[in-house]
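# Structural overview for review
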Number of protein chains: 4
Amino acid sequence: MTTRVTIWNEFQHEKENERVRSVYPDGIHAAIAKGIAPLGDFDVKTATLDEPEHGLPADVLAATDTLIWWGHKAHDRVSDDVVERVCHEVLSGMGLIVLHSGHFSKVFRRLMGTNCSLKWREAAERERLWNISPSHPVMAGIDEYFELPHAEMYGEPFDIPTPDDLLLISWFQGGEVFRSGCTWNRGNGRVLYFRPGHETYPIYYDPNVLRIVANGCDWARRRLSRATDACPNTTPLEPL
Amino acid sequence: MTTRVTIWNEFQHEKENERVRSVYPDGIHAAIAKGIAPLGDFDVKTATLDEPEHGLPADVLAATDTLIWWGHKAHDRVSDDVVERVCHEVLSGMGLIVLHSGHFSKVFRRLMGTNCSLKWREAAERERLWNISPSHPVMAGIDEYFELPHAEMYGEPFDIPTPDDLLLISWFQGGEVFRSGCTWNRGNGRVLYFRPGHETYPIYYDPNVLRIVANGCDWARRRLSRATDACPNTTPLEPL
Amino acid sequence: MTTRVTIWNEFQHEKENERVRSVYPDGIHAAIAKGIAPLGDFDVKTATLDEPEHGLPADVLAATDTLIWWGHKAHDRVSDDVVERVCHEVLSGMGLIVLHSGHFSKVFRRLMGTNCSLKWREAAERERLWNISPSHPVMAGIDEYFELPHAEMYGEPFDIPTPDDLLLISWFQGGEVFRSGCTWNRGNGRVLYFRPGHETYPIYYDPNVLRIVANGCDWARRRLSRATDACPNTTPLEPL
Amino acid sequence: MTTRVTIWNEFQHEKENERVRSVYPDGIHAAIAKGIAPLGDFDVKTATLDEPEHGLPADVLAATDTLIWWGHKAHDRVSDDVVERVCHEVLSGMGLIVLHSGHFSKVFRRLMGTNCSLKWREAAERERLWNISPSHPVMAGIDEYFELPHAEMYGEPFDIPTPDDLLLISWFQGGEVFRSGCTWNRGNGRVLYFRPGHETYPIYYDPNVLRIVANGCDWARRRLSRATDACPNTTPLEPL
């Protein structure tokens, strides 16, 4: 069954910064689109901040099974209307994968209900991601651990609600740990937070990272389209 | 140890409706304050919608261990600033008990990240609340079940994240069920949703209901006052 | 992808009791096998208590993706060796669906770590099962609720660990409630407890019941075959 | 309120091995008893493997609010009767703290339902324990992290059910991570697994370790004494 994936990228760094552009010449969204294409039956579209409605009008969301979210420096420029629309669609059944610095996006914070803060450091250090849930569908094909030679550190405490499933814990060379793969149900939708990513380290070319993103697209995919915001007055099913 | 409780009530029904006033002449907040007083070591204050800043300026929240929230017909009149302040304080460590129709309050929906919708019916029917977690501190002193002879029905599906602990499931005469006692961690704070309550049925005089609210005040009480919204850049603890 | 299902039935009632036999002439296992066949891509086998090794030698389990378990009056006659083998296989990745009175089976109690006790009553009363997780794969195709006209009552408290996902809550005519669909991860395996069933009420001919069992077979299916009982001594991955 | 604590130690190493005896001359149980005494209102008793019924007859367990369990090399010598008795008491309401190598005890594995296996290495390496749940009662008084200069490594995957609360994640010098503080409800009892400990490293003199054990004794303490193994046949509460 084809999974309709929309990859959203704020797409600012790549236009403004030569170093970022050299790593992701067509944008992070394009690299992810290309990277996951051979890993599943995906119909992939992309959308970016500078498009009208950020490229996420209602009909695009309605035709999306899983939305991938990358943002970093322009969280505040995402309009509240689009945030509300995306969250409504997740609660109605659309899957959502939030990547790396998306932890501080309006969409993720709104769906979690917490601040989603964490520690960070840019020192190109080694990260080792331990597979805590080897039989979870999102971890299919992933060994006991994998390594990223140069990563931005994200450290605990990570201010999130207790995940329904904890998939990955990262070890960092500098001494920190992090819950790097976490899932939650929200309404009829599934949410996956996946830590790896960066605008200048070539994380989205790593085969393990791409495998997990691809698995996540299938795992989180829409199973229903049913809004959860009615509060119906109902008649009794039994005699009173 | 004294628990500092602030009971917030929108306090509209009681001023506008003779029938409500006859049940709660001094307001629902006053009835709860009086009802829980003998059940613990509480320093109880109250606050209402029509007060400046809805009675919840920063210093009041900072001096509150557990905030109780009742609202019904005026959710939209609670200012977004106060909502933000209350949520910030919960994430920093203050406890929160949300009662009955507070399921649709801005504060609860913001902390849950979901729509918090449900089914409802006002038919004065019988409700039987089954104690699912008899050893949980919030259930101390509660039997296997208790009954409310005349209750408003709330029915599933209730659009909430999976509770950390499910304490009570209600059986309704008209054929529905409901998760009537649910807890969640949010940041450094604890949240309890407790279903019973109504503006014209005398629910807040019921000894089991008052016992659970009192237990909840102690269980949810502030244990820390530490904001979770910094996102600190940190130096490594190990040589890189 | 074909799911290899083994349906285990103690198969005692049907041989001893004319009334049971009139409902399930070839045994409950045969009725379930026939009922789920058209609902998915299943390769179904059956096994029963009186066979050698209860029909569950190691090679049968190794070739099973999901095992369905029905037992009622002969839990004690299941050998501890077979119980250990089944549990080992679940922890290694095989899915398990425990039906109705299987709550008191050795296998289920061993995997839960609790007593798994509950209330019960045989009075042919009405049960209404509310769908708490409409977007969960096990609930695919199930409406907001469904009813069983004549059911044995199972009531809370049900002594189980907090389920990872709560799928169904039952309302009973006699005044009780029950968590009727619950899931847990155990090692590399997935466990579904599903309440409906009885030896003389024709529950396993009900289309909603069969749909959920069939969905469960796919949801719980083996994703790995990897034992979790080694406790390896390992060399460091970083210089010490 | 006084918490009645029983500290169980298999007490073999200390009698057989001079090096262990030099660290814990009166046994690990005695060191813990002395260490937690000033940290709470505790009535502490101890019990060991070589005593009749391993020092855990029914009346001792009935008078215990929290049982601490240390075992390492003699798990198999704990009689199944005592294991059953301890588990029954936990399910009936007694708290349980399982330390370090107790992960492989019969009691812990029986209550978890999983194999409880893990990786390990004895290399006296550095461990840094990150506080994931700073407002949890068991973490009271614990900073963002604490370090143990020389620890035995325990690494993921740790074959346990998803914890209700995850309190600590360990970073190890050699490159692994571990869920070092985990809680579960089981029946009416609370279970805490706490990783730190060793027979030759002086872990049970560390102030952070002792603080967590002491906090755990209060957090897990018995709140009820009610068995959960009856399966009562009950009469309806509503007319059928």
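Residues numbered from 1 in each chain as written. Chains lettered and ligands numbered in written order. Predicted model: local features only at pLDDT ≥ 70, side-chain atom pairs only at ≥ 80, totals over all residues. Heavy atoms only, no water.

### Notes on the overall build of chain A
- Summing up its helical and strand segments, chain A has 7 helices and 9 strands in all.
- Compactness check: chain A gives a C-alpha radius of gyration of 18 Å against a globular reference of 18 Å for 240 residues, within 12% of the reference.
- Each of the three principal axes of chain A carries a C-alpha extent, and together these read 65 × 40 × 35 Å.
- Counting every position in chain A, which comprises 240 residues, the buried fraction comes to 65%.
- When contacts within chain A are restricted to residue pairs at least 6 apart in sequence, those whose partners lie at least 24 apart make up 72%.
- Accessible surface, chain A as shown: approximately 8,000 Å² in total, 50% of it carbon and sulfur. (Helix = DSSP H or I, 4+ residues; strand = E, 2+ residues; numbered from the N terminus. Rg over C-alpha atoms; globule rule 2.2 N^0.38 Å. Buried < 20%, exposed > 50% of the residue type's maximum accessible area, 1.4 Å probe, protein only. Contact = heavy atoms within 4.5 Å. Areas by Shrake-Rupley, 256 points an atom, 1.4 Å probe, with all protein chains shown as cover.)

### Re the relation of the copies chain C and chain D
- Mapping chain C onto chain D is achieved by rotating through 180° and translating by 0.0 Å along the same axis, at an RMSD of 0.0 Å. Look at the turn and shift together and you get a two-fold axis relating the two. Of every C-alpha in chain C, the one belonging to C:Gly113 sits nearest the axis of rotation, 2.5 Å from it. (Least-squares fit on C-alpha atoms with pLDDT ≥ 70 in both.)

### A short note on helix H7 (residues 207-220) of chain B
All names here are of chain B.
- Between the first and last C-alpha of H7 there are 20 Å, a value that for 14 residues agrees with the 20 Å anticipated at 1.5 Å per step.
- Most of H7 sits out of view: 10 of its 14 residues are buried.
- The complete set of buried residues in H7 reads Val209, Leu210, Ile212, Val213, Ala214, Asn215, Gly216, Cys217, Trp219 and Ala220.
- Capping the start of H7, Asp206 holds a side-chain oxygen 2.9 Å from the backbone nitrogen of Asn208, two or three residues further along. (Expected span 1.5 Å × (residues − 1). Polar contact = N/O pair within 3.5 Å; in protein donor to acceptor, adjacent residues only side chain to side chain.)

### Brief notes about the pattern of salt bridges
- In this structure the tally under the stated criterion is 77 salt bridges over all chains.
- Residues A:Lys45 and A:Asp43 are paired through a salt bridge, measuring 3.6 Å at the closest nitrogen-oxygen approach.
- With a closest N to O distance of 2.7 Å, D:Glu176 and D:Arg121 form a salt bridge. Note that D:Glu176 is positioned in the loop between strand S7 (165-172) and strand S8 (177-186) and D:Arg121 in strand S5 (residues 119-131), a separation of 55 residues in sequence. (Salt bridge = Lys/Arg side-chain N within 4 Å of Asp/Glu carboxyl O.)

### Looking at the confidence of the model for chain A
- For chain A, the average pLDDT comes to 97, and 100% of its residues sit at 70 or higher.
- As a predicted assembly, this complex carries a pTM of 0.98 together with an ipTM value of 0.96. (pLDDT = per-residue confidence, 0-100.)

### So, the interface of chain A and chain B
- Counting residues at the interface gives 40 residues for chain A, matched by 40 residues for chain B.
- In total, about 3,100 Å² of surface goes out of reach between chain A and chain B, with carbon and sulfur atoms giving 52% of it.
- The largest contributions to the chain A side of the interface with chain B come from A:Trp120, A:Cys231 and A:Leu240, which together make up 17% of the buried area.
- Applying the counting rule to chain A against chain B returns 0 salt bridges.
- At the level of secondary structure, the elements contributing two or more residues to the side of chain A that touches chain B comprise helix H6 (106-112) and strand S5 (119-131) of chain A. (Buried area = accessible area lost by both parts, 1.4 Å probe.)

### So, the relation of the copies chain A and chain B
- Mapping chain A onto chain B is achieved by rotating through 180° and translating by 0.0 Å along the same axis, at an RMSD of 0.0 Å.
- A shared interface surface links the copies, since 100% of the contact residues of chain A are contact residues in chain B too.

### What to know about the interface of chain C and chain D
- Taken together, the contact pairs 40 residues of chain C with 40 residues of chain D.
- In total, chain C and chain D occlude about 3,100 Å² of area from one another, counting both sides; carbon and sulfur atoms represent 52% of this.
- Contact with chain D buries area across many residues of chain C, yet C:Trp120, C:Cys231 and C:Leu240 alone supply 18% of it, more than any other trio.
- At the junction of chain C with chain D, the criterion picks out 0 salt bridges.
- Across the chain C-chain D interface, the total number found is 24 residue pairs in polar contact (both at pLDDT 80 or more).
- Going through the elements one at a time, helix H6 (106-112) and strand S5 (119-131) of chain C are the ones with two or more residues in the side of chain C that touches chain D.
- When residues of the side of chain C that touches chain D are assigned to their parent elements, the largest contribution, 5 residues, is made by S5(C).
- Across the side of chain C that touches chain D, the residue classes tally to 16 nonpolar, 14 polar and 10 charged. (Nonpolar A, V, L, I, M, F, W, Y, C, P; charged D, E, K, R; others polar.)

### Focus: the packing of aromatic side chains
- Applying the stated rule across the entire model yields 42 aromatic pairs over all chains.
- For the ring pair B:Tyr24 and B:Tyr204, a centre distance of 6.3 Å and an interplane angle of 50° mean the geometry is tilted. Of this pair, B:Tyr24 sits in the loop between helix H2 (18-23) and helix H3 (28-36) while B:Tyr204 sits in the loop between strand S9 (189-194) and H7, and the two are 180 residues apart along the sequence. Considered together, B:Tyr24 and B:Tyr204 belong to a single accessibility category, that of buried residues.
- An aromatic cluster of three or more residues is present, and its members are A:Phe108, A:Tyr154, A:Phe158, A:Phe178, A:Trp184 and A:Tyr193.
- We note C:Arg128 situated over the ring of C:Trp171; from NZ or CZ to the ring centre the distance is 4.9 Å. (Phe/Tyr/Trp six-rings, centres within 6.5 Å; stacked < 30°, edge-to-face > 60°. Lys NZ or Arg CZ within 6 Å of the ring centre and 35° of its normal.)

### Quick notes on the environment of B:Ser105
Residues and elements named next belong to chain B.
- Tracing the chain through its elements places Ser105 in the loop between strand S4 (95-99) and helix H6 (106-112).
- As a C-alpha pair, Ser105 and Gly71 span 34 residues in sequence and 6.7 Å in three-dimensional space.
- Apart from the residues within four sequence positions on either side, Ser105 is in contact with Trp69 and His75.

### Remarks on the environment of C:Glu144
- Examined against the element boundaries, C:Glu144 turns out to sit in the loop between S5 and strand S6 (145-155).
- With 12 residues separating them along the chain, C:Glu144 and C:Ile132 place their C-alpha atoms 8.0 Å apart.
- Apart from the residues within four sequence positions on either side, C:Glu144 is in contact with B:Lys119, B:Pro157, C:Leu129, C:Trp130 and C:Asn131.
- Looking at C:Glu144, its side chain comes within polar contact range of the side chain of B:Lys119, at 2.8 Å.

### Remarks on the sheet that holds strand S2 (residues 42-48) of chain C
Residues and elements named next belong to chain C.
- Strand order in the open sheet made by the 9 strands is S2-S1-S3-S4-S9-S8-S7-S5-S6, with mixed pairing throughout. At either margin of the open sheet sits one strand with a lone partner, and together these are S2 and S6. Going from strand to strand, the sheet's axes swing by 25° on average, the running direction of each strand aside.
- Across 7 bridges, strand S1 (residues 3-9) lies against S2 in parallel orientation. Bridging across to S2, Thr6 finds its partner in Lys45. (Pairing = 2+ DSSP bridges. Axes fitted to C-alpha atoms, helices over the stretch in contact; angles between N-to-C directions.)

### Some thoughts on the sheet that holds strand S9 (residues 189-194) of chain A
Residues and elements named next belong to chain A.
- Reading across from one edge, S2-S1-S3-S4-S9-S8-S7-S5-S6 is the order of the 9 strands in this open sheet, with mixed pairing throughout. The outermost strands of the open sheet, each flanked by one partner alone, are strand S2 (42-48) and strand S6 (145-155). Each strand axis lies, on average, 25° off the axis of its neighbour in the sheet, ignoring direction.
- Pairing between S5 and strand S7 (residues 165-172): 5 bridges, direction antiparallel. By the bridge assignment, Trp130 is partnered in S7 with Ile169.
- Its contacts with the sheet place helix H5 (residues 80-92) against strand S3 (66-70), strand S4 (95-99), strand S8 (177-186) and S9, and it is angled at close to 115° to S9.

### Here we look at the side chain of A:Thr183
All names here are of chain A.
- For Thr183, the position within the fold is in strand S8.
- Classification of Thr183 as buried rests on a relative accessible area of 2%.
- The residues contacting Thr183, other than those within four sequence positions of it, are His136, Pro163, Asp164, Asp165, Leu167, Val191, Leu192 and Trp219.

### A short note on the packing of H3(B) against H7(B)
All names here are of chain B.
- One way to put it is that H3 packs onto H7 with a least axis distance of 9 Å and a crossing angle of 80°. When the axes of H3 and H7 are compared, the pair comes out roughly perpendicular. Every residue of H7 that contacts H3 at Ile32, Gly35 and Ile36 is listed here: Leu210, Val213, Ala214 and Cys217.
- Classifying every residue of the contact of H3 with H7 gives 6 nonpolar, 1 polar and no charged. (Parallel < 35°, antiparallel > 145°, perpendicular 65-115°, else oblique.)

### Structural notes on the state of the cysteines
- Considering all chains together, one arrives at 0 disulfides over all chains under this definition.
- Just so you know, B:Cys87 is unpaired, no disulfide at all, and the nearest cysteine sulfur is the one on B:Cys116, 11 Å from it.
- In this structure B:Cys87 comes out as buried when scored by relative accessible area, which is 0%.
- Between C:Cys231, a cysteine without a disulfide, and D:Cys116, which holds the nearest cysteine sulfur, the sulfur-to-sulfur distance is 9.5 Å. (Disulfide = S-S within 2.5 Å.)

### Focus: the pairing of S8(D)
Residues and elements named next belong to chain D.
- Across the 10 residues that make up S8, a large majority, 9, are buried.
- Pairing between S7 and S8: 6 bridges, direction antiparallel. For Leu168, the partnering residue across the bridge sits in S8 and is Gly181.
- Taking the residues that link successive antiparallel strands as the turn, the S7-S8 hairpin has 4 residues, and the phi of Gly175 there is positive, at about 115°.
- Relative to strand S9 (residues 189-194), S8 runs antiparallel, the two being bridged by 6 bridges. Each residue of the ladder has a partner; that of Trp184, found in S9, is Val191.
- Counted along the chain from S8 to the antiparallel partner S9, the turn is 2 residues long, and its residue Gly187 has a positive phi close to 60°.

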